[in-house]
Amino acid sequence: MALILVVDDEAHIRELVRLYLSDEGFEIVEKANGEDAYDYIVHHPVDLVVLDIMMPKLDGWELCRKIREMGETPILMITAKGEPAHKIKGFQLGTDDYLTKPFDPVELVLRVKALIKRYRISVSQMIQIGDVQLDRIGYKAYLANTNETITLPRKEFELMYKLASYQGQLFTRDTLIQQIWGYDYEGDDRTVDVHIKRLRERFEAYSHMFRIVTLRGLGYRLEVYEA
């Protein structure tokens, strides 16, 4: 059973989220502020965090940043702030998905399930996308149609594996730079674009199964059409 931490200073929002998610079999822990939530996460493993932005003691922005420093725990932001700039900031800080109040509880459930599925895929060593299997240990891609094996350059593989681990999730260019090249990378941030272009060329024959999509002004995500 997945454990979900719900962080919001509005009791009725926490109750709504708890009601719908517990009906789906999830175990729910509630916290009314970011400080208490962070203290809980430090001492207890959680499978996903649902958090608000405007909270006392420690706001959602800072809590998101702290959680992401600790690891890859999925984060879903729920907030009244629906402006594009706030969404971009959330993704830059490491949130995995975003819902704006008022939200459809059914949509919340679907997004939570999708995030947990992505996370479980991400911690495995092999990922299947269409007829391509990515081997994290050997940095290889196995092509089912031809029985061919491709050994990718390390950064290309890491970029592809990251996108494939979180299928459908948006990654900003800055996030990819930090997670693949590291925080101390001082090169051109267009490096991501060059690697994306190479990956598209390598897997062009499988574009009917999956594709790396550009979201102008935001970043990239891998869309899968056939499992």
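Residues numbered from 1 in each chain as written. Predicted model: local features only at pLDDT ≥ 70, side-chain atom pairs only at ≥ 80, totals over all residues. Heavy atoms only, no water.

### Considerations on unusual backbone geometry
Consideration 1: With an omega dihedral of -10°, the bond running from Lys101 to Pro102 counts as a cis peptide bond.
Consideration 2: Counting through the fold element by element, Pro102 comes out in the loop between strand S5 (97-100) and helix H5 (105-122).
Consideration 3: Of note in this structure, Tyr139 is not a glycine but carries a positive phi near 55°.
Consideration 4: Its place among the elements puts Tyr139 in the loop between strand S7 (132-135) and strand S8 (140-143). (Helix = DSSP H or I, 4+ residues; strand = E, 2+ residues; numbered from the N terminus.)

### A word on the packing of aromatic side chains
Consideration 1: Tallied over the full model, the rule gives five aromatic pairs.
Consideration 2: Ring centres 5.8 Å apart and planes at 70° place the aromatic pair Tyr166 and Phe171 in the edge-to-face group. For the pair formed by Tyr166 and Phe171, the shared burial category is buried.
Consideration 3: Through pairs of rings, three or more aromatic residues link up here, namely Tyr139, Phe157 and Tyr161.
Consideration 4: Here Lys66 stacks its cationic end above the ring of Tyr38, 4.9 Å away from the centre of that ring. (Phe/Tyr/Trp six-rings, centres within 6.5 Å; stacked < 30°, edge-to-face > 60°. Buried < 20%, exposed > 50% of the residue type's maximum accessible area, 1.4 Å probe, protein only. Lys NZ or Arg CZ within 6 Å of the ring centre and 35° of its normal.)

### Structural notes on helix H2 (residues 34-43)
Consideration 1: Within the span of H2, buried status applies to Gly34, Ala37, Tyr40 and Ile41. Taken down its axis, H2 places every buried residue within 125° of arc, on the same side.
Consideration 2: Those residues of H2 hidden inside the fold are in contact with strand S1 (3-7), strand S2 (27-31), strand S3 (48-51) and helix H3 (60-70).
Consideration 3: Measuring from the backbone nitrogen of Glu35 back to the side-chain oxygen at the start of H2 gives 3.1 Å, which picks out Asn33 as the cap. (Arc of directions from axis to C-beta. Contact = heavy atoms within 4.5 Å. Polar contact = N/O pair within 3.5 Å; in protein donor to acceptor, adjacent residues only side chain to side chain.)

### Some details on the nonpolar core
A general trend in soluble globular proteins is that nonpolar side chains are found buried together.
Consideration 1: Ranked by size, the top nonpolar core spans 31 residues in total, and within it Ile129, Val132, Leu134, Met160, Phe203 and Phe210 carry the most contacts.
Consideration 2: Of all the secondary-structure elements, those providing two or more residues to this core are strand S6 (126-129), S7, S8, helix H6 (154-165), helix H7 (173-181), helix H8 (191-202), strand S11 (210-215) and strand S12 (219-224).
Consideration 3: Broken down by element, the residue count for this core peaks at six residues, all from H6.
Consideration 4: With residues near it in sequence (within four places) discarded, Ile129 still touches Leu134, Met160, Ala164, Gln167, Phe210, Leu222 and Val224. (Core = buried A, V, L, I, M, F, W, Y, C linked by side-chain atoms within 4.5 Å.)

### Describing the pattern of salt bridges
Charged atoms that come close allow side chains of opposite charge to pair.
Consideration 1: Scanning the entire structure with this criterion turns up 19 salt bridges.
Consideration 2: Among the ionic pairs, Asp97 bridges to Arg111, the shortest N-O distance being 2.9 Å. Of this pair, Asp97 sits in strand S5 while Arg111 sits in helix H5, and the two are 14 residues apart along the sequence.
Consideration 3: A relative accessible area of 14% places Asp97 in the buried class.
Consideration 4: Between Glu158 and Arg154 there is a salt bridge, and its shortest N-O distance comes to 3.2 Å. Placement of both Glu158 and Arg154 in helix H6 is noted, with a separation of four residues, approximately one turn of the helix.
Consideration 5: Several salt bridges converge on common partners, so that one network encompasses Asp8, Glu10, Asp52 and Lys101. (Salt bridge = Lys/Arg side-chain N within 4 Å of Asp/Glu carboxyl O.)

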